[in-house]
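Reading the structure
Read off the chains here:
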Amino acid sequence: MIPRLFKPKQETGTSDIVVDGARKTGGSPRARVLMTMAVFFVIYAVIAGRLIYFGIIDPEESGGPESRVTASRPDIVDRNGEVLATDIKTASLFAEPRRIVDTDEAIERLQTILPDLDVEQTYRKLKSGTGFVWLRRQLTPRQQNDIMALGIPGIGFRTEKRRFYPGGPTAAHIVGLVNIDNRGIAGLEKYIDDQGLADLQESGLATAGDLKSVRLSIDLRVQHIVRDEISVALEKYHAIAAGAVVLNAKTGEIIAMASVPDFDPNNPFNAQDKDRLNRMSAGLYEMGSTIKSFTTAMALDSGQVTLESKFDASRPITIGGQTIRDFHGKGRVLTVPEVFIYSSNIGSAKEADVVGIEGHREFLHRVGLLDRMDTELPEVARPTEPRVWKKVHSITAAFGHGFSTTPLQTAVAAASLMNGGYLFAPTFLPRSQEQAIAEAKKVVDERTSADMRYLYRLNAEKGSGKRAEVPGYRVGGKTGTAEKVVNGRYSGDKRFNAFLAAFPMDDPQYIVLSIIDEPKPEKPGMGATAGLNAAPIVANIIRRSASMLGVKPDFGHENAPTLVSYQ
Amino acid sequence: MFRTSDIVLIAVMVAAAAFTYKTKHDAENRLDEIGKLEAAIRTEEDTITILKADWSLLTQPTRLQKLSEIYASELNLQPVQANQIVGLDDLPVKPIEIEDLSNQPLGGMAEGPAKDQTVTGGIVQ
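Residues numbered from 1 in each chain as written. Chains lettered and ligands numbered in written order. Predicted model: local features only at pLDDT ≥ 70, side-chain atom pairs only at ≥ 80, totals over all residues.

The helix and strand tally for chain A stands at 20 helices and 18 strands. Per-residue burial over chain A gives 44% buried out of 567 residues. In chain A, the proportion of contacts linking residues at least 24 apart, taken out of those at least 6 apart, comes to 71%. (Helix = DSSP H or I, 4+ residues; strand = E, 2+ residues; numbered from the N terminus. Buried ≥ 20, exposed ≤ 12 C-beta atoms within 10 Å, placed from the backbone. Contact = placed C-beta atoms within 7 Å.)

Before going further, it helps to examine the overall build of chain B. In terms of regular secondary structure, chain B is built from four helices and zero strands. When the helices and strands of chain B are placed in sequence order, the string is α-α-α-α. When burial is assessed residue by residue, chain B has 1% of its 125 residues classed as buried.

Moving on, we come to the pairing of strand β8 (residues 241-248) of chain A. All names here are of chain A. With eight of its eight residues buried, β8 lies for the most part within the structure. Of the two faces of β8, the one lined by Ala-241, Gly-243, Val-245 and Leu-247 and the one lined by Ala-242, Ala-244, Val-246 and Asn-248 are each fully buried. For β8 and strand β18 (residues 510-517), the ladder comprises eight bridges, and the chain directions are antiparallel. Within β18, the position partnered with Gly-243 by the bridge is Ile-515. Relative to strand β9 (residues 254-260), β8 is paired through six bridges, and the arrangement is antiparallel. Within β9, the residue paired with Ala-244 across the bridge is Ala-258. Counted along the chain from β8 to the antiparallel partner β9, the turn is five residues long, and its residue Gly-252 has a positive phi close to 75°. (Pairing = 2+ DSSP bridges.)

Take the interface of chain B and chain A next. At the interface, 17 residues of chain B touch 23 residues of chain A. Sorting the residues of the side of chain B that touches chain A by element identifies α1 (4-58) and α2 (61-70) of chain B as the ones contributing at least two each. Ranked by residues supplied to the side of chain B that touches chain A, first place goes to α1(B) with eight residues.

On to the sheet that holds strand β17 (residues 489-503) of chain A. Residues and elements named next belong to chain A. The antiparallel open sheet is built from five strands, whose spatial order is β9-β8-β18-β17-β16. Looking along the sheet, the strands with just one partner apiece sit at the ends: β9 and β16 (476-486). Each strand axis lies, on average, 15° off the axis of its neighbour in the sheet, ignoring direction. In the packing of helix α18 (residues 446-462) onto the sheet, the strands contacted are β16 and β17, and the crossing angle to β16 comes to about 80°. (Axes fitted to C-alpha atoms, helices over the stretch in contact; angles between N-to-C directions.)

Once that is clear, we can look at the confidence of the model for chain B. Averaged over chain B, the pLDDT score is 84; the fraction of residues at 70 or greater is 82%. Our summary of model confidence lists the complex with pTM equal to 0.77 and ipTM equal to 0.72. (pLDDT = per-residue confidence, 0-100.)

All names here are of chain A. Of all eight residues that make up β18, eight are buried, and the element is covered over most of its length. In β18, alternate side chains face the same way, and those of Tyr-510, Val-512, Ser-514 and Ile-516 on one face and Ile-511, Leu-513, Ile-515 and Asp-517 on the other are all buried. As judged from the eight bridges shared by β17 and β18, these two strands associate in the antiparallel manner. For Ala-502, the partnering residue across the bridge sits in β18 and is Ile-511.

Residues other than glycine predominantly adopt negative phi, and peptide bonds predominantly adopt the trans conformation. Residue and element names in this part refer to chain A. Of note, the bond from Val-260 into Pro-261 is cis; its omega dihedral lies within 30 degrees of zero at 0°. In the segment running from Phe-503 into Pro-504, the intervening peptide bond is cis, with an omega of -20°. Along the chain, Pro-504 falls in the loop between β17 and β18. With phi around 45°, Arg-474 is a residue other than glycine that occupies positive phi space. Relative to the helices and strands, Arg-474 resides in the loop between α18 and β16. Judged by the 25 C-beta atoms lying within 10 Å of it, Arg-474 is buried.

Let us look at the nonpolar core. Residues and elements named next belong to chain A. Of all hydrophobic cores here, the largest spans 119 residues; its most connected members are Val-245, Leu-247, Ile-511 and Val-538. Each of domain 2 (76-215) and domain 3 (225-294 + 369-566) accounts for three or more of the residues forming this core. The residues touching Val-245, leaving out its near neighbours within four places in the chain, are Ile-254, Ala-256, Met-257, Met-280, Pro-407, Leu-408, Ala-411 and Leu-513. Grouped together as the second largest cluster of nonpolar side chains are eleven residues, Leu-93, Ala-95, Ala-106 and Ile-155 included. (Core = buried A, V, L, I, M, F, W, Y, C linked by C-beta atoms within 7 Å. Domains from an automatic or database assignment.)

Residues and elements named next belong to chain A. Orientation of helix α4 (residues 103-113) relative to helix α6 (residues 141-150), taken along the N-to-C sense of each, is 150°, at an axis distance of 9 Å. Looking at the two axes, α4 sits roughly antiparallel to α6. Along this stretch, α4 crosses α6, giving a crossing that reads as right-handed. On the side of α4, the interface is formed by Arg-109, Leu-110 and Ile-113, while α6 contributes Gln-143, Asp-146, Ile-147 and Leu-150. Here the contact of α4 with α6 is built from residues that sort into four nonpolar, one polar and two charged. (Parallel < 35°, antiparallel > 145°, perpendicular 65-115°, else oblique. Left-handed = near helix turned anticlockwise from the far one by under 90°. Nonpolar A, V, L, I, M, F, W, Y, C, P; charged D, E, K, R; others polar.)

In this section: helix α11 (residues 292-301) of chain A. Residues and elements named next belong to chain A. Burial of α11 is extensive: ten of the ten residues sit out of reach of the surface. Those residues of α11 lying buried are Lys-292, Ser-293, Phe-294, Thr-295, Thr-296, Ala-297, Met-298, Ala-299, Leu-300 and Asp-301. Two residues or fewer past α11, Gly-303 is found with a positive phi of approximately 85°.

Residues and elements named next belong to chain B. Its place among the elements puts Thr-43 in helix α1. Owing to 14 C-beta atoms within 10 Å, Thr-43 belongs among the partly exposed residues under this scheme. Sequence separation between Thr-43 and Val-80 is 37 residues; the distance between their C-alpha atoms is 43 Å.

Residues and elements named next belong to chain A. One can find Ile-192 in helix α8 (residues 187-202). Taking the number of C-beta atoms within 10 Å as the measure of exposure, Ile-192 has 21 and is therefore buried. A C-alpha to C-alpha distance of 9.0 Å links Ile-192 and Arg-73, two positions 119 residues apart in sequence. The residues contacting Ile-192, other than those within four sequence positions of it, are Pro-74, Gly-184, Leu-197 and Val-214.

Attention now moves to the environment of Val14(B). Within the secondary structure, Val14(B) is located in helix α1. Along the sequence, Val14(B) and Ile96(B) sit 82 residues apart, while their C-alpha atoms lie 92 Å from each other.

This part covers the packing of α4(A) against helix α5 (residues 119-127) of chain A. Residues and elements named next belong to chain A. Relative orientation of the contacting elements α4 and α5 amounts to 140°, with a least axis distance of 10 Å. Viewed along their axes, α4 and α5 adopt a mutual orientation that is oblique. Where α4 crosses over α5, the two elements pack in a sense that is right-handed. In this structure, α4 contributes Thr-103, Ala-106 and Ile-107 to the contact, and α5 contributes Val-119, Thr-122, Tyr-123, Leu-126 and Lys-127. Of the residues assigned to the contact of α4 with α5, the class counts are five nonpolar, two polar and one charged.

All names here are of chain A. Averaged over every residue, the pLDDT of chain A is 85; residues scoring 70 or more account for 90%. Taken together, the stretch residues 9-15 has pLDDT below 50 and engages in four contacts with residues farther than four places along the chain or on a different chain. A low-confidence stretch, residues 559-567 stays under pLDDT 50, and its non-local contacts, those more than four residues away or across chains, total zero contacts.

See below:
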């Protein structure tokens, strides 16, 4: 077809000039055709090349910095499934000023969603001509949706995962903290990472959907009560710190544990402060008279002492330049129950003497008071004891001085005295009774345990623990008012008070231990001993939480004697 | 010029091309749909997480305690005392009540002197 089209032209151009012209422009018609084809080919090649070029080049870099990839973490829930810690996604709004078509319009429309947007500042930001500016961090999902619906060009969102603790400071010391990369740095968050989550995250396998939530043994309601009570006590007694723990005596599960002052894990600017540490597991204290429980149990367990044994507490003991006196001295021979309820230092020292120095030390190790506690929480202090035990160390240790231990492990050791002699490693994860017994270590006799239950109940009825009494719940306990060491000497006015309790005493289910550091008298003229401040904390905790812990009130034990006395 | 077999083959080819195109187009549509659904699921999941967090924030014992303290006088709220908690066994047996049936209408034939509609000679008298 093409040659035919060109033919007439060829025929008309037979003159020399035309031939000449034809020769100049390429000679034969065939060449002209090739020429035309070449031109078109070049044009199309350019177009095709351009297309390929556009296809290959990456679209212009946009969006500013890469969004921080934060690792997913499992939710942490309490024993009833209430959320203690969870991941939430938050969106942050950014703009790319170069891509914004109409700045005024963009601001005007954004204002309909974000009424508090600073117009002048935003205008300056958007006119700055930089590639990327943040407009607003952490929008609510609703705001994000609304802004998206506006369809303003040149703005976008970055989503970030953030750890959120709905309870705030309620269980701060137990749950712990994460750092900016969502890695656990304290508490059980750290424990979860150490259990292999960190490796999973590194290999990119930890996706939000696959992570099962971690259930703890904590009961959020009881945890709240404990924290509420110690916060009130901190104020009321003008103390520098207070703490309490509720421990299941049959399984070693920690139901609640709090220490104030604490911190808010959602805004942990002061979490590293020294006075905000978890005193229950990371604070070392000379526990004072509460340790007499263990001295008495040790004496009873040795088989050489029974509840009827008598100790002469009429004269103070002088050893190595120190004189051991009784705070509530009776100045006479005391039976074992009397030594316990009058909290006699002299009597306790003599009880320890029965067992001997090595035996005493061995017993304290056996109930775990002198070894580092084995539990999930990373913040655990190592107890301190004298390097070499001499007679004076055994005597002072008998009433809780001269060695330091953590309040939590004191509560755990007390559980073993109450539950028939089983010592558990305390746990923050749910554990059944069978599991607990299987892993437990038997430290004292069943009979010793029964005697100790009797003594605890007796002390709450007649001794220093009267203020811990809660009608219906059969509380038993031991007070401890320890003098604090200031500059190497025992101070007369700085005290560390504790109350170690168990309830219900006919078959103890729970151990409650409260501590209060340097309490002052509630009102001038009143005392500041453990019976007046630490015991009421325990009483309040039990009164408020017993029904949640499933302990049924029983007035039968109290009614019987009162009825007789009324007649 | 064209044989019948050619025409048939061409028709088959065109049909096959059309079919392939349609299948591909459908698949792409489906893929778009899946993408949209997945995005919607993600949004829903995120919303669920946030609502859960909201819920636990609103049911925090700390908050509930504050609320109950604020409304204590208005709603006449009191802490539960131990002696108010009893088991089923402790409940006294419900006393047996004997209903006084003497005042109730008896109904039926026993209901008083019914008027007999049948008039007999003896009554008329």
